[in-house]
Amino acid sequence: MAVDPEFVEHVLDLFLGLGPLRTGRMFSGVAVYAEEDAMFAMISSSQTVYMKSDAATLPAFEAAGAEPFTYTRSSGERQVTSLMSLPESAMDDASEALDWARLSMGPALDAAAKKRAEKARKAARKAAKA
């Protein structure tokens, strides 16, 4: 099932205060990126918005009733606590949604920096072999 384009637009409107945003494909959903190509949110095919989280931000998400992204593999169900649902109250409140997006930017920027560093290490190893 694809993500409803109107729902994607609604979510992007909620996060307008972050500045320029872009989207990309992720699993069967849509990833939402902000500064430095940091993926801070994901919109699932079930029309749920998941926000980037880490050990420091997880308690705030849990206190707000957020649920982790969950998927099923042949070995069973897997929960991904690095992606927590946007609290329902924020879905119609751009100010609240923006607060959650700003909270998610820390983990998102950290993850993007790690990804860039790993990519640079791989390129350096490949260049050393050449």
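What you are looking at is a predicted structure, and each value in this text was computed from that prediction instead of being measured.

(A) Main features of the nonpolar core. Core analysis: the biggest nonpolar cluster contains 31 residues, and Phe15, Phe40, Ile43, Val49, Met51 and Leu86 have the highest contact counts within it. Listing elements by their share of this core, those giving two or more residues are helix H1 (5-14), strand S2 (29-34), strand S3 (38-43), strand S4 (49-52), helix H2 (58-63) and helix H3 (94-129). Ranked by residues supplied to this core, first place goes to H3 with seven residues. Ignoring any residue separated from it by four or fewer positions in sequence, one finds Phe15 in contact with Leu21, Phe40, Ala41, Val49, Met51, Leu86, Ala97, Leu98 and Ala101. Counting residues in hydrophobic clusters, the runner-up holds nine residues, among them Met26, Ala31, Phe69 and Val80.

(B) Here's a closer look at unusual backbone geometry. You will see that Gln47, though not glycine, has its phi angle at about 65 degrees, which is positive. Tracing the chain through its elements places Gln47 in the loop between S3 and S4. According to the relative accessible area criterion, Gln47 is partly exposed, its value standing at 26%.

(C) Structural view of the side chain of Ser44. On the secondary structure map, Ser44 appears in the loop between S3 and S4. Among the polar contacts listed, one links the side chain of Ser44 to the side chain of Ser46, at a separation of 2.7 Å.

(D) Quick peek at the confidence of the model for the chain. For the chain, mean pLDDT is 93; residues scoring 70 or higher make up 99% of the total. Within the chain, strand S5 (residues 68-73) has the poorest average pLDDT of any element, 90, and S4 the best, 98.

(E) Main features of the packing of aromatic side chains. Throughout the structure, instances matching the rule amount to four aromatic pairs. Pairing Phe15 with Phe40 gives two aromatic rings, centres 5.2 Å apart and planes at 75 degrees, and the pair type is edge-to-face. Linking Phe15 in the loop between H1 and strand S1 (22-26) with Phe40 in strand S3, this pair joins segments that are 25 residues apart in sequence. Taking the relative accessible area as the measure of exposure, Phe40 reaches 0% and is therefore buried. Aromatic side chains Phe69 and Tyr71 sit 6.0 Å apart centroid to centroid with 35 degrees between the ring planes, which places their arrangement in the tilted category.

(F) How the structure looks around the environment of Pro87. Tracing the backbone through its elements, the reader meets Pro87 in the loop between strand S6 (76-85) and H3. Given a relative accessible area of 5%, Pro87 falls into the buried group. Residues Pro87 and Val49 lie 38 residues apart in sequence; the distance between their C-alpha atoms is 8.7 Å. The contact partners of Pro87, leaving out residues within four places of it in the chain, are Ala64, Glu96 and Trp100.

Conventions adopted
- Residues numbered from 1 in each chain as written.
- Predicted model: local features only at pLDDT ≥ 70, side-chain atom pairs only at ≥ 80, totals over all residues.
- Heavy atoms only, no water.
- Core = buried A, V, L, I, M, F, W, Y, C linked by side-chain atoms within 4.5 Å.
- Buried < 20%, exposed > 50% of the residue type's maximum accessible area, 1.4 Å probe, protein only.
- Helix = DSSP H or I, 4+ residues; strand = E, 2+ residues; numbered from the N terminus.
- Contact = heavy atoms within 4.5 Å.
- Polar contact = N/O pair within 3.5 Å; in protein donor to acceptor, adjacent residues only side chain to side chain.
- pLDDT = per-residue confidence, 0-100.
- Phe/Tyr/Trp six-rings, centres within 6.5 Å; stacked < 30°, edge-to-face > 60°.

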